[in-house]
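Listed below, chain by chain, are the residues.
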There are 2 protein chains.
Amino acid sequence: MTRHSREKLEDRLVITIELLENDEDLKLNEYIEELHPADVAEILLELDDDNQVKFFTILSWKRASRVLEEVDSETFVELLEIFKREQKILILDQMAQDDMVDLLAELSEEKRKEIISLLDLEDAEDVRELLIYDEDTAGGIMTKEFVAVRKDITIYQAIEDLREMASEAETIYYVYVVDKAERLVGVLSLRELIVSKPNIMIKDIMHERVISVNLNTDQEDVARLVSKYDLLAIPVVNDNDRIMGIITVDDIIDVIEEEATEDIYKFAGTSETEDIDEDKVSIRILASVKSRLPWLIITVFGGLLSAQIIGGFQTVLNKNTTLALFMPLLAGMGGNVGTQSSTLTVRGIALGSIHGKKEVFKTLFQEICVGFLVGLCCSVIVAIVSFFLQGEMVLSFVVGIAMWANMITAATIGTFVPLIFKRIGVDPAVASAPFITTTIDITGLSIYFTLTSILLSRLVM
Amino acid sequence: MTRHSREKLEDRLVITIELLENDEDLKLNEYIEELHPADVAEILLELDDDNQVKFFTILSWKRASRVLEEVDSETFVELLEIFKREQKILILDQMAQDDMVDLLAELSEEKRKEIISLLDLEDAEDVRELLIYDEDTAGGIMTKEFVAVRKDITIYQAIEDLREMASEAETIYYVYVVDKAERLVGVLSLRELIVSKPNIMIKDIMHERVISVNLNTDQEDVARLVSKYDLLAIPVVNDNDRIMGIITVDDIIDVIEEEATEDIYKFAGTSETEDIDEDKVSIRILASVKSRLPWLIITVFGGLLSAQIIGGFQTVLNKNTTLALFMPLLAGMGGNVGTQSSTLTVRGIALGSIHGKKEVFKTLFQEICVGFLVGLCCSVIVAIVSFFLQGEMVLSFVVGIAMWANMITAATIGTFVPLIFKRIGVDPAVASAPFITTTIDITGLSIYFTLTSILLSRLVM
């Protein structure tokens, strides 16, 4: 499908560029009018600067607004600049509030003020308010373009109201019901409105238990609620239960994808949470270096600590350098088992399936058992194969035992660390691959050399 | 919020159990009638077997159906058993088709047939059809409970039709338009229906470009389209463009979460894609062992290969055992850098931001530069610190150089392997942490010993 839709984009680009270069504005307009704004934005972003301007001016204002909702903040400012003040006002007026706020949040104070000054009074006030909230909270991702009706009107009136408000609302599929003080007291779906008798009062058929979130609720928790209750939108209230905005399911999907990417990157020990919309490669590279280096430097010191520990066993190593051969194998297997356990634990915590003391102990017990069993299998293989390769039975046996002990320890650490982190209020995802593998390297090498120096001296020397 | 909602569940459990044990059925019914089915299912799953049966029989049939949609297949069968045949028929009739199909797919052939025999003819046919499709495709996650109208009716008629069909449809917010042959020819939102004049014909206001997927489209691609175009539902068509079903956004959210978890687990080298709904710990442990062992065994052989390579340099190692001290550090840093690069590349491919030759080369160039820079920083730190710790300048210098070379190679391999995998049609996520780290261990150690044996013999010996 990706391939397919990419091909389509390439085809569209060829058509667009051809029409642009032949100045066939009418034909081009007809062609792009049929496309989804998301597709138009894709085409737009692939054009060079001159063609971009030419292309964008061909769009109708309504469409220009929809397309601007899909681009990054830099392109947004650039494209907006093409128009005269009056045109800018018209375009901005048509844009979805939450998308505009996302774009404005990335601009300089000055540029932001300039754009807000083009909005009508009500919109400007809304946007200023929305910009205040932390972008990871319900307040930061909500829109103020929602439909609310008073509880003491009839279905008929409500539908009439909806017809009027439809053009300004992000969704009309949930109708929120408020009292005189604008407190959220109920909810109705458009579906229920449609199938009910027109003369019934709203308050008689509304649902009084409304699932809502506070302005400060973390966006991840908002996503969890929407996902759990299969909602199309969720209302956001302030501390006095007054409805302040709504969050629609399309924004929730973005949150879920963003959070998943963030988690995946954390596992790899980098905080590159956002795909930077920056064309200059040098800036992208420096941003990557900056976000990865901290983890790497921590692990450098972990590695140097390992070196010191091995240094302590250097006399053992001098007697039998063959021991060094198995160091990467041991550290590697420990790291792998530990990463598996920590990944499952961290994801379990994130998805809410590990909670409460009972589950914590169950997870720990289970992971240790898994470590015991996979460790046993791998150790037997290593012992047998290394005996055939090296011909030293005692050494092979000792390496196997050490690896087994190491893998059980690794599974325990991999499960324990994220659980402890969660307990003390640290993000469990910090117990990511680099952190876990470094810890396990250190414990693993200590186990290996302690065991080998004891066992080899007893069994051989 | 998790904590908060957990606390709430615990409160609810206390209330429920108290009401159950005092046989206050009416009060309990009143209490749970106010809760969301997802919450009722949560309570239900926490009760012991006797209370579960007692609790479930208190629910109304309609509610029982909604609650059954939320439980796992085992609980579903158990709870359904409580009822008499006639009651079962009523309950099953109310259930959402796609949820029922998901449950049935996990049951034995026999059990499945038994339940399908309780459905009315039309539903039974639908369910049998849906069970045929692969569960990871559009056909496997769609529902046949959708609303379609003919293109040659008026808005007024369409709204009347909707009122009638509303109770049987999963969503009525998108109205699909078909021709005589039931081919999908257009779409309209309920919003557009509501605000249009009643006497207009459907075909005059419908959108002719409908974003749809084929029965065989992979669920991940379906999710990408819904996310890109901010849809509430997407129609599924067969090869003749006949509309076969729809997929609603709540199911898309499940797909996105499922795929993210799958990707995260793959990074850690395990295929434990589903949180197994299995109470017996022993079965869970064996399932984990089974899914993790393949990766671990592959890496065992990788590790044994490393051991062979180091064995080839044993004369160098015998001369200077201090070289062994830095092996874990080198392998570890290579693994970390490689994992970072591979994670970013794999996620970039998954999210569709790396495509086309231009981006492939850009990504490769960028990651190598990042490897070069972070490698430089880390190597300088290692060289300086190890000089202070060991006092051997030449060795420290050589270790630094080897680590730098190793980290650049690691970043290159970490980026290159997933890109190649994608190119040759292998899932890039297979280039997960274990695979990458093992490869890098082998190359890293070869670089280290080759460089040290050349440089140390030239500089010192």
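Residues numbered from 1 in each chain as written. Chains lettered and ligands numbered in written order. Predicted model: local features only at pLDDT ≥ 70, side-chain atom pairs only at ≥ 80, totals over all residues. Heavy atoms only, no water.

Enquirer: Let's hear about the overall build of chain A: which residues, and what values?
Expert: Along its length, chain A carries 23 helices and six strands. Dimensions along the principal axes, computed over C-alpha positions, put chain A at roughly 95 × 60 × 40 Å. In chain A, which comprises 461 residues, the share counted as buried stands at 54%. Intrachain contacts of chain A at a sequence separation of at least 6 include 67% that bridge at least 24 residues. Surface accessibility of chain A: about 20500 Å² in total, with carbon and sulfur atoms responsible for 54%. Between the mean site of the 42 positive side-chain charges and the mean site of the 78 negative ones, chain A shows a separation of 7 Å. (Helix = DSSP H or I, 4+ residues; strand = E, 2+ residues; numbered from the N terminus. Buried < 20%, exposed > 50% of the residue type's maximum accessible area, 1.4 Å probe, protein only. Contact = heavy atoms within 4.5 Å. Areas by Shrake-Rupley, 256 points an atom, 1.4 Å probe, with all protein chains shown as cover. Lys, Arg positive; Asp, Glu negative; His and termini not counted. Charge placed at Lys NZ, Arg CZ, Asp CG, Glu CD.)

Enquirer: Got a sec to walk through the sheet that holds strand E2 (residues 174-178) of chain A? Specific residues and values, please.
Expert: Hydrogen bonds along the backbone pair up the strands of a sheet, which may run parallel or antiparallel. Residue and element names in this part refer to chain A. As summarised here, the arrangement of the three strands in space is E1-E2-E3, forming an open sheet in which the pairing is mixed. With one partner strand each, in any of the chains shown, strand E1 (148-150) and strand E3 (184-189) form the two edges of the open sheet. The mean angle between the axes of side-by-side strands here comes to 35°, regardless of whether they run parallel or antiparallel. Here E2 pairs with E3 via five bridges, running antiparallel. (Pairing = 2+ DSSP bridges. Axes fitted to C-alpha atoms, helices over the stretch in contact; angles between N-to-C directions.)

Enquirer: Which residues make up the interface of chain B and chain A, and what are the values?
Expert: Facing 116 residues of chain B, the contacting portion of chain A comprises 116 residues. Together chain B and chain A conceal approximately 10500 Å² of surface at their shared face, both sides included; 67% is due to carbon and sulfur atoms. Across the chain B-chain A interface, the total number found is six salt bridges. In this structure, B:Lys228 and A:Asp39 form a salt bridge, with 2.8 Å as the shortest nitrogen-oxygen distance. Between the two partners, chain B and chain A, sit 32 residue pairs in polar contact (both at pLDDT 80 or more). If you tally residues by element for the side of chain B that touches chain A, the top one is helix H17 (residues 281-312) of chain B, at 20 residues. Among the residues forming the side of chain B that touches chain A, the class breakdown is 62 nonpolar, 30 polar and 24 charged. (Buried area = accessible area lost by both parts, 1.4 Å probe. Salt bridge = Lys/Arg side-chain N within 4 Å of Asp/Glu carboxyl O. Polar contact = N/O pair within 3.5 Å; in protein donor to acceptor, adjacent residues only side chain to side chain. Nonpolar A, V, L, I, M, F, W, Y, C, P; charged D, E, K, R; others polar.)

Enquirer: Could you give an account of helix H21 (residues 356-390) of chain A, naming the residues involved and the relevant values?
Expert: When the terminal C-alpha atoms of H21(A) are compared, their 49 Å separation across 35 residues agrees well with the 51 Å that a helix rising 1.5 Å per residue should span. Among the residues trailing H21(A), A:Gly391 stands out with phi positive, at a value near 75°. (Expected span 1.5 Å × (residues − 1).)

Enquirer: So what about the pattern of salt bridges? Which residues, and what values?
Expert: Two side chains bearing opposite charge may form a pair once their charged atoms approach each other closely. Per the stated rule, a full pass over the model turns up 38 salt bridges over all chains. In this structure, the salt-bridge partner of B:Glu367 is A:Arg292, at a minimum N-O distance of 2.9 Å. Placement of the pair is B:Glu367 in helix H21 (residues 356-390) and A:Arg292 in helix H17 (residues 281-312), with the two residues belonging to separate chains. Taken as a pair, B:Glu367 and A:Arg292 share a single burial class, namely buried. The partner of B:Glu69 in a salt bridge is B:Arg66, with the nearest N and O atoms 3.0 Å apart. Among the residues examined, B:Glu69 registers a relative accessible area of 15% and is labelled buried.

Enquirer: If you had to explain the packing of aromatic side chains to someone new, which residues and values would you point to?
Expert: Residues and elements named next belong to chain A. Here the structure, examined in full by the defined rule, presents 13 aromatic pairs over all chains. A ring pair is formed by Tyr174 and Tyr176, whose centres lie 6.4 Å apart and whose planes are at 75°; its orientation type is edge-to-face. Residue Tyr176 is classed as buried on the basis of its relative accessible area, which comes to 1%. Aromatic ring contacts, followed pair by pair, group Phe313, Tyr448 and Phe449 into a single cluster. (Phe/Tyr/Trp six-rings, centres within 6.5 Å; stacked < 30°, edge-to-face > 60°.)

Enquirer: With reference to specific residues and values, describe the pairing of strand E2 (residues 174-178) of chain B.
Expert: Residue and element names in this part refer to chain B. The buried fraction of E2 amounts to five of the five residues, a majority that puts the element mostly inside the structure. What you see with E2 is no split at all: Tyr174, Tyr176 and Val178 on one side and Val175 and Val177 on the other are buried throughout. Direction of pairing for strand E1 (residues 148-150) relative to E2: parallel, over a ladder of three bridges. Across the sheet, the residue bridging to Arg150 is Val178, located in E2. Regarding the hand of the β-α-β motif, the stretch spanning E1, helix H12 (residues 155-165) and E2 is right-handed. If you look at the hairpin formed by E2 and strand E3 (residues 184-189), you'll find five residues sitting between the two strands, and Glu182 has a positive phi there, around 60°. (Right-handed = clockwise from strand over helix to strand, strands pointing away.)

Enquirer: Tell me about the environment of B:Val185, and name the residues and values.
Expert: All names here are of chain B. Looking at the secondary structure, you find Val185 in strand E3. Separated by 78 residues in the primary sequence, Val185 and Asp263 have C-alpha atoms spaced 36 Å apart. Residue contacts for Val185: discarding those within four places in its chain leaves Lys151, Val177, Val178, Asp179, Met206, His207, Glu208 and Val210.

Enquirer: Mind laying out a nonpolar patch on the surface, listing which residues take part and the relevant values?
Expert: Residue and element names in this part refer to chain A. Together, Phe372, Leu376, Val380, Ile384, Phe387, Phe388 and Met393 make up a nonpolar patch on the protein surface, roughly 690 Å² of accessible area in all. It is H21 that provides the largest number of residues to the nonpolar patch, a total of six residues. Turning to its location among the elements, Leu376 is positioned in helix H21. A relative accessible area of 32% places Leu376 in the partly exposed class. (Patch = residues over 30% accessible without salt bridge, like charges linked within 9 Å, V, L, I, M, F, W, Y side chains within 5 Å.)

Enquirer: Residues and numbers for the relation of the copies chain B and chain A, please.
Expert: You can overlay chain B on chain A at an RMSD of 0.1 Å; the transform is a turn of 180° with a shift of 0.1 Å along its axis. As the rotation angle and translation indicate, the two copies are arranged about a two-fold axis. When the interface residues of chain B are mapped onto chain A, 100% of them again lie at the interface, so the same face is used by both copies. (Least-squares fit on C-alpha atoms with pLDDT ≥ 70 in both.)

Enquirer: Let's hear about unusual backbone geometry: which residues, and what values?
Expert: With a phi angle near 65°, A:Asp241 is a residue other than glycine that sits in the positive phi range. Within the fold, A:Asp241 resides in the loop between strand E5 (233-237) and strand E6 (243-248). Overall, A:Asp241 belongs to the partly exposed group, its relative accessible area being 42%. At B:Asp23, a residue that is not glycine, the phi angle is positive and equals roughly 55°. When you line up the elements, B:Asp23 lands in the loop between helix H1 (2-21) and helix H2 (25-33).

Enquirer: Go over helix H15 (residues 219-229) of chain B, please, and point to the residues and values.
Expert: All names here are of chain B. Within H15, eight of the eleven residues are buried, which leaves it mostly tucked inside the rest of the structure. Along H15, the positions that sit buried rather than exposed are Gln219, Asp221, Val222, Ala223, Leu225, Val226, Ser227 and Tyr229. One or two residues past the end of H15 sits Asp230, with phi positive at roughly 50°.

Enquirer: Describe the domain arrangement of chain A, naming the residues involved and giving the relevant values.
Expert: Per the domain assignment, the segments making up chain A are domain 1 (2-134), domain 2 (148-248) and domain 3 (281-459). Computed from C-alpha coordinates alone, the two centres of domain 1 of chain A and domain 2 of chain A are separated by 30 Å. (Domains from an automatic or database assignment.)

Enquirer: Any chance you could break down the sheet that holds E1(B) for me, citing the residues and the numbers?
Expert: Residue and element names in this part refer to chain B. What the three strands build is an open sheet, ordered E1-E2-E3; its pairing is mixed. Because the sheet does not close on itself, it has two edges, and the strands there are E1 and E3. Direction aside, neighbouring strands of the sheet carry axes that sit 35° apart on average.

Enquirer: I'd like a description of the nonpolar core, backed by residues and values.
Expert: Counting residues in each nonpolar core, the largest one holds 187 residues, and the members touching the most others are A:Phe76 and B:Phe76. In this structure, A:Phe76 is in contact with A:Leu68, A:Val71, A:Leu92, A:Met95, A:Leu103, A:Leu104, A:Leu107 and A:Ile115, ignoring residues within four places of it in sequence. (Core = buried A, V, L, I, M, F, W, Y, C linked by side-chain atoms within 4.5 Å.)

Enquirer: Pulling in residues and values, what's your account of the packing of helix H6 (residues 73-81) of chain A against helix H9 (residues 109-116) of chain A?
Expert: Residue and element names in this part refer to chain A. Viewed as axis vectors pointing N to C, H6 and H9 meet at an angle of 50°, and their least axial separation amounts to 13 Å. Taken together, the axes of H6 and H9 lie oblique to each other. Crossing geometry of H6 relative to H9 is assigned as left-handed. Where H6 abuts H9, its residues Phe76, Val77, Leu80 and Glu81 lie against Lys111, Glu114 and Ile115. (Parallel < 35°, antiparallel > 145°, perpendicular 65-115°, else oblique. Left-handed = near helix turned anticlockwise from the far one by under 90°.)

Enquirer: Kindly report on the pairing of E6(A), identifying the contributing residues and their values.
Expert: Buried residues dominate E6(A), accounting for six of its six residues. Taking the residues that link successive antiparallel strands as the turn, the E5(A)-E6(A) hairpin has five residues, and the phi of A:Asp241 there is positive, at about 65°.

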